[in-house]
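Descriptive structure summary
Residue-level listing of the chains:
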Amino acid sequence: MAANKSPLPASRPQATTMLSRVAHSLYWMSRYIERAENTARLLEVNLQFIADFQATADAGQNQHWESLILSTGDEELFEQHYETADSRTVTEFLAFDLKNPSSILSCVYAARENARMIRDQISVEMWEAVNELHLFLKTRSTSAVWKDGPNEFFGSIKQASHLFQGLTASTFSRSEGWEFIEFGKFLERADKTTRILDVKYHILLPSATDVGGAIDTAQWQAVLRSASALEAYRRYYVREILAWKAAEFLIFSDSFPRSLHFCVAQVDDYLRRILGETGARPRTEAARVSRRLLADLQSLSITDVLEQGLHEFLEETQAALDTISNEVAETTMFYPAESAIEEQQQQQQQS
Amino acid sequence: MSILNPHYDSGAFFDEMVATSEPGGVRPHYHRLAERLGRLEVDEFDRRRAAVDAAFLRRGVTFTVYNDAQGTERIFPFDLIPRIIPDKEWRRIEAGLIQRLHALNLFLDDVYHGQKCLKDKIVPPALILGAKHFRREFMNFSVPRGIYVHICGSDLIRDAQGNYLVLEDNLRCPSGASYMIENRAAMRRAFPNLFQSYGVRPVEGYGDDLLKALLHLAPGKDKPSVVLLTPGVYNSAYFEHCFLARQMGIPIVEGRDLVVRDAHVYMRTTAGLVPVDVIYRRIDDDFLDPTIFRPDSMLGVPGLVNAYRAGNVALANSIGTGIADDKVIYAYVPKLIKYYLGEEPLLPNVNTYLASEPLDRKFILENIEKLVVKSANEAGGYGMLIGPHSSKEECAKFREMVAANPRNFIGQDPIQLSRSPTWCDGHLEGRHIDLRPYILYGEKITVTPGGLTRVALRKGSLVVNSSQGGGSKDTWVLHGDA
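Residues numbered from 1 in each chain as written. Chains lettered and ligands numbered in written order. Predicted model: local features only at pLDDT ≥ 70, side-chain atom pairs only at ≥ 80, totals over all residues. Heavy atoms only, no water.

Further remarks concern the overall build of chain B. What chain B contains, in helices and strands, is 15 helices and 22 strands. Whereas a compact globule of 482 residues would reach a radius of gyration of roughly 23 Å, chain B reaches 23 Å, a difference of no more than 12%. In chain B, which comprises 482 residues, the proportion classed as buried is 59%. Restricting to contacts in chain B with at least 6 residues of sequence separation, those with at least 24 account for 68%. When the accessible surface of chain B is totalled, it reaches about 18500 Å², and 51% of it is carbon and sulfur. Charged side chains in chain B number 58 positive and 58 negative. The centres of these two groups are separated by 1 Å. (Helix = DSSP H or I, 4+ residues; strand = E, 2+ residues; numbered from the N terminus. Rg over C-alpha atoms; globule rule 2.2 N^0.38 Å. Buried < 20%, exposed > 50% of the residue type's maximum accessible area, 1.4 Å probe, protein only. Contact = heavy atoms within 4.5 Å. Areas by Shrake-Rupley, 256 points an atom, 1.4 Å probe, with all protein chains shown as cover. Lys, Arg positive; Asp, Glu negative; His and termini not counted. Charge placed at Lys NZ, Arg CZ, Asp CG, Glu CD.)

What follows is about the domain arrangement of chain A. Residues and elements named next belong to chain A. Assigned domains of chain A: these are domain 1 (20-172) and domain 2 (175-332). Placing the centre of domain 1 and that of domain 2 at their C-alpha centroids yields a distance of 20 Å. Taken together, the 33 residues of domain 1 in the interface contact 31 residues of domain 2. A combined buried area of about 2800 Å² lies between domain 1 and domain 2, and 64% of that area is made up of carbon and sulfur atoms. Among the residues of domain 1 in contact with domain 2, Tyr27, Arg31 and Ser71 are the three that bury the most area, contributing 19% of the side total. Run the count over domain 1 and domain 2 and you get 5 salt bridges. Glutamate 188 serves as the salt-bridge partner of arginine 35, at 2.8 Å between the closest nitrogen and oxygen. The interface formed by domain 1 and domain 2 holds 11 residue pairs in polar contact (both at pLDDT 80 or more) in total. (Domains from an automatic or database assignment. Buried area = accessible area lost by both parts, 1.4 Å probe. Salt bridge = Lys/Arg side-chain N within 4 Å of Asp/Glu carboxyl O. Polar contact = N/O pair within 3.5 Å; in protein donor to acceptor, adjacent residues only side chain to side chain.)

Moving on, we get to the packing of helix α2 (residues 42-59) of chain B against helix α6 (residues 177-190) of chain B. All names here are of chain B. As a packed pair, α2 and α6 sit with axes 10 Å apart at the nearest point and diverge in direction by 140°. When the axes of α2 and α6 are compared, the pair comes out oblique. As for how α2 packs across α6, the hand of that crossing is right-handed. Residues Arg48, Val52, Ala55, Phe56 and Arg59 of α2 lie in contact with α6, whose contacting residues are Glu182, Asn183, Ala186, Arg189 and Ala190. A per-class count over the contact of α2 with α6 returns 5 nonpolar, 1 polar and 4 charged. (Axes fitted to C-alpha atoms, helices over the stretch in contact; angles between N-to-C directions. Parallel < 35°, antiparallel > 145°, perpendicular 65-115°, else oblique. Left-handed = near helix turned anticlockwise from the far one by under 90°. Nonpolar A, V, L, I, M, F, W, Y, C, P; charged D, E, K, R; others polar.)

With respect to the helices, strands and loops of the structure, Lys200(A) is situated in helix α9 (residues 176-204). Beyond its immediate stretch of four places on either side in the chain, Lys200(A) contacts Asp216(A), Gln219(A), Trp220(A) and Val223(A).

Before going further, it helps to examine the pairing of strand β8 (residues 258-261) of chain B. Looking down a regular strand, the side chains alternate between one sheet face and the other. Strand direction decides the pairing type here: β8(B) and strand β9 (residues 264-269) of chain B, joined by 4 bridges, are antiparallel. If you follow Arg261(B) over to β9(B), its bridge partner there is His264(B). (Pairing = 2+ DSSP bridges.)

Our focus in this paragraph is the nonpolar core. In this structure, Ile251(A), Phe107(B), Val123(B) and Ile279(B) are the most contacted members of the largest nonpolar core, which totals 182 residues. If you tally residues by element for this core, the top one is helix α1 (residues 20-52) of chain A, at 13 residues. Once you skip the residues sitting within four places of it in the chain, Phe107(B) turns out to touch Cys117(B), Val123(B), Ile128(B), Ala324(B), Ile329(B), Leu336(B) and Tyr340(B). Of all hydrophobic cores here, the second largest spans 64 residues; its members include Met17(B), Leu37(B), Val42(B) and Met187(B). (Core = buried A, V, L, I, M, F, W, Y, C linked by side-chain atoms within 4.5 Å.)

Turning our attention to unusual backbone geometry. Residue and element names in this part refer to chain B. The omega torsion across alanine 316 and asparagine 317 is -10°, close enough to zero to call that bond cis. Within the secondary structure, asparagine 317 sits in the loop between β12 (314-316) and α12 (327-330). Non-glycine residue arginine 145 carries a positive phi angle of around 60°. For aspartate 425, which is not glycine, the phi dihedral falls at a positive 45°. Here aspartate 425 lies in the loop between β17 (419-424) and β18 (427-436). Using a relative accessible area of 77% as the deciding quantity, one classes aspartate 425 as exposed.

This next bit is on the environment of Leu271(A). Residues and elements named next belong to chain A. Relative to the assigned elements, leucine 271 resides in helix α13 (residues 260-275). Each C-alpha atom of the pair leucine 271 and serine 173 lies 18 Å from the other, and the pair is 98 residues apart in sequence. Excluding residues within four positions of it along the chain, leucine 271 makes contact with Phe183, Ala286, Ala287, Ser290, Ile324 and Val328.

Here the focus is the packing of aromatic side chains. Summed over the entire model, instances satisfying the criterion amount to 32 aromatic pairs over all chains. Aromatic side chains Tyr236(A) and Tyr237(A) sit 4.8 Å apart centroid to centroid with 90° between the ring planes, which places their arrangement in the edge-to-face category. Classification of Tyr236(A) as exposed rests on a relative accessible area of 54%. An aromatic cluster is built from Tyr233(A), Tyr236(A), Tyr237(A), Phe249(A) and Phe256(A), whose rings are joined through pairwise contacts. In this structure, Arg32(B) is placed above the aromatic ring of Tyr198(B), and the distance from its NZ or CZ to the ring centre is 4.5 Å. Positioned above the aromatic ring of Phe138(B), the side-chain terminus of Arg309(B) is 5.3 Å from the ring centre. (Phe/Tyr/Trp six-rings, centres within 6.5 Å; stacked < 30°, edge-to-face > 60°. Lys NZ or Arg CZ within 6 Å of the ring centre and 35° of its normal.)

Take the sheet that holds strand β15 (residues 384-386) of chain B next. All names here are of chain B. Taken together, 4 strands build an open sheet; the order of strands is β13-β16-β14-β15 and the sheet is antiparallel. Taken across any chain shown, the strands that pair with only one partner, and hence form the sheet edges, are β13 (352-354) and β15. Each adjacent strand pair in this sheet contributes to an overall mean axis angle of 20°, direction not counted. One ladder, built from 3 bridges, connects strand β14 (residues 372-375) with β15; its direction is antiparallel. Residue pairing in the sheet places valine 373 in a bridge with leucine 385 of β15.

Partitioning chain B into structural domains gives domain 1 (205-316) and domain 2 (352-412). Inter-centroid distance (C-alpha atoms) of domain 1 of chain B to domain 2 of chain B is 37 Å.

Turning next to the sheet that holds strand β6 (residues 226-229) of chain B. All names here are of chain B. In spatial order, the strands read β7-β6-β11-β12; together these 4 strands make up an open sheet with parallel pairing. Each having just a single partner strand, β7 (252-253) and β12 make up the two edges of the open sheet. As judged from the 2 bridges shared by β6 and β7, these two strands associate in the parallel manner. In the strand pairing of β7, leucine 228 is matched with isoleucine 252.

What follows deals with the packing of helix α8 (residues 206-215) of chain B against helix α9 (residues 238-248) of chain B. All names here are of chain B. With their axes 8 Å apart at the nearest point, α8 and α9 run at an angle of 80° to one another. It follows that α8 is roughly perpendicular to α9 by the angle criterion. Listed contacts from α9 to Tyr206, Gly207, Leu210, Leu211 and Leu214 of α8 are Leu244, Gln247 and Met248. Residue composition of the contact of α8 with α9, by class: 6 nonpolar, 2 polar and no charged.

A few words now on empty space enclosed by the protein. Residues and elements named next belong to chain A. In this structure the tally under the stated criterion is 4 cavities of 30 Å³ or more. As a volume, the largest cavity reaches approximately 70 Å³. As for the largest cavity, its lining consists of 11 residues, of which Asn46, Val199, Gln219, Ala222 and Val223 are closest to the centre. Going through the elements one at a time, α1, α9 and α10 (214-226) are the ones with two or more residues in the lining of the largest cavity. Of all the elements, α10 adds the most residues to the lining of the largest cavity, at 4 residues. Classifying every residue of the lining of the largest cavity gives 7 nonpolar, 4 polar and no charged. Three or more residues apiece are contributed to the lining of the largest cavity by two domains, here domain 1 (20-172) and domain 2 (175-332). (1 Å grid on protein atoms, 1.4 Å probe; cavity = no way out; pocket = protein on both sides within 12 Å on 5 of 7 lines; lining within 4 Å. Points joined across faces, edges and corners; volume = space filled by probe spheres on them.)

Let's shift gears to the confidence of the model for chain A. Residue and element names in this part refer to chain A. Considering every residue of chain A, the mean pLDDT works out to 85; 85% of them sit at 70 or more. The model gives residues 1-15 a pLDDT under 50, and that stretch makes 28 contacts with residues more than four places away or in other chains. Every residue in residues 335-339 is under pLDDT 50, and counting partners more than four places away or in other chains gives 6 contacts. (pLDDT = per-residue confidence, 0-100.)

This part is about the pairing of strand β10 (residues 272-275) of chain B. Residue and element names in this part refer to chain B. In terms of strand pairing, β9 meets β10 through 4 bridges, oriented antiparallel. Considered in β10, the bridge of threonine 269 is made with glycine 272. What sits between β9 and β10 in their antiparallel hairpin is a turn of 2 residues.

Below you can see the structure in the form of structure tokens.
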């Protein structure tokens, strides 16, 4: 090899190539913001739901909150730290508990840390939006949220996330970094939509007798609202809320930007750009899994899904999304974990 | 009530703004500021102060405080009363700094090549050869363009007569330039109209000048790739690293982002390896390359020193510059200026006693409670004794340390540092300040007109370091003299 020649010439001009570490941070920054927003909406809608049905017995409320925790997949962690599932403990766990890596505060903190690591790569506007969200959260607590009313609190988080995503769209160059941001956002959103649907599955189990009743309809309304989909549903079907129609909309809609189908189509698109998949047949495992998932969402009907079992279908989808995420991380963003680096970073004297 | 305090006491110190000898009791270059402050109500001033603090927090202009679960970041306390330097004073400072950096570079070149200054007995050889930051691995190595120190931050203070003196040189990884620029941005927001009329020279050119100095190190390259190497997000100066990288539009990298192949440096990107020509490194020598220096370093890049020696990558600053900002070598700088340039130093040193010299040592040991004693290689205001402000026990402890390891200590006459009016608990009081200007050595040596004025916010304190209760002020260098 000639001494002054690059052994592995970059396939893009230098201005558009990016450090693997930067790609990794952009991806996680984007995912964490999306996750914080979804958790905020999930909590808000369910708090509202409980408030609407004050008459529901306390036992029923507990079941409701337990289902919510179950759908996040963090039930073990919750049980380690809390005795009962009620409005307060669940809010604390999902919004503020730093021991829960998926709590809103943990997510925003992680998003900000990732943004901080790549501050030179993102716009000032993006940085300030995520930094201000973090500063805002640090001044709030569960008790304050209950005192001032949860709507203002959850509204602020959702707004901050929308602000961040809007600023990203209008200030971030459409380079490779953008592909990682969008890939992360839609992957997270697809996962969260499956979990929102799964909440209903967990709630339904104990109260199957009420199918079609007032609470059932309200619950499906809550599911749609958890995905900001209630109005879109009404405009699309122009009819009352029906369980299987609501599920169909959230899984198969090809135009609603939070439906599973829509998100997976975006994931597949950005994935192929990131991995350079241009051929008809995928070369990588990630692209294969993504293509298969997309094909299912394009061809199956809600009847197929209900026959297989909604819960089973959602679980399989979550597993496929995990595979895609891990494969992409390994091919483009792999770094050896070196947590002891932190200490040496601090030691460096800056005179 | 206006914020100007009729009972302001400039004390027995040199006050930057107030002087009874001047008409109106205010130095001419502060007249317009005093007039503006005279019309400013306390409430209004407080409002602007709060707005500036909030902006720093929102913009993340912070430094990291350790040992906190959430890695708490604090803003560097900022005082809204600027420090003003008239053109005539600045010209002398500028010339003195250029002269000094020129001599220090010639000294480094000599130390790592012929060592003439040792043979001519200007500096005792033992001081160099036994110094912690002397890198014998780099003997007879020719650095790119012959420049050792590309970025220098020297600390200046003023004595009771207002003379500028050099307190120390920082020739390794001097920090603070980002605060110089952010402080200016904050002042522009707080007092937009004052700037227009005052004729303040801009500091915003620093980023461009720094980039030019770095590009200067990659001759013959069509489009050299320059990166900033940071220890990482947990370093206290991480904000500054990001800030400067953004000002220059260059990537910020950690050691793990770089890889050396065949003595060439590359960065790992999503599209493969991209060559690197110049590295502005903010990592100490010791951590740069685990195969040469500290083997346990996880921040560095294995093979980096090899690539540097092969001439395939440039480093700013060079390796081994710490020998010239050793506080013992500091005492020899005036001599070195005369030796290499045949000129009288334009900026004098603080009067310094060397514990390594028998007579000086005796003087230090006998007068320790009247002196400032410093360890040779510490920074950030640590490893230092201010005799007049210290207890008997502390003095005794330093006396023992000096006697046990004389090479490692110097003594200095305490300088009272000039004071500047500073907002303290609702009114203006005099607080001690220093000045760190930033000097760049590219095609030629340039000094950014301004710098970081650090202020000791604690009453009576002479320690301006941010780690010990220091804050900062914007520094205005004027086009004219008033």
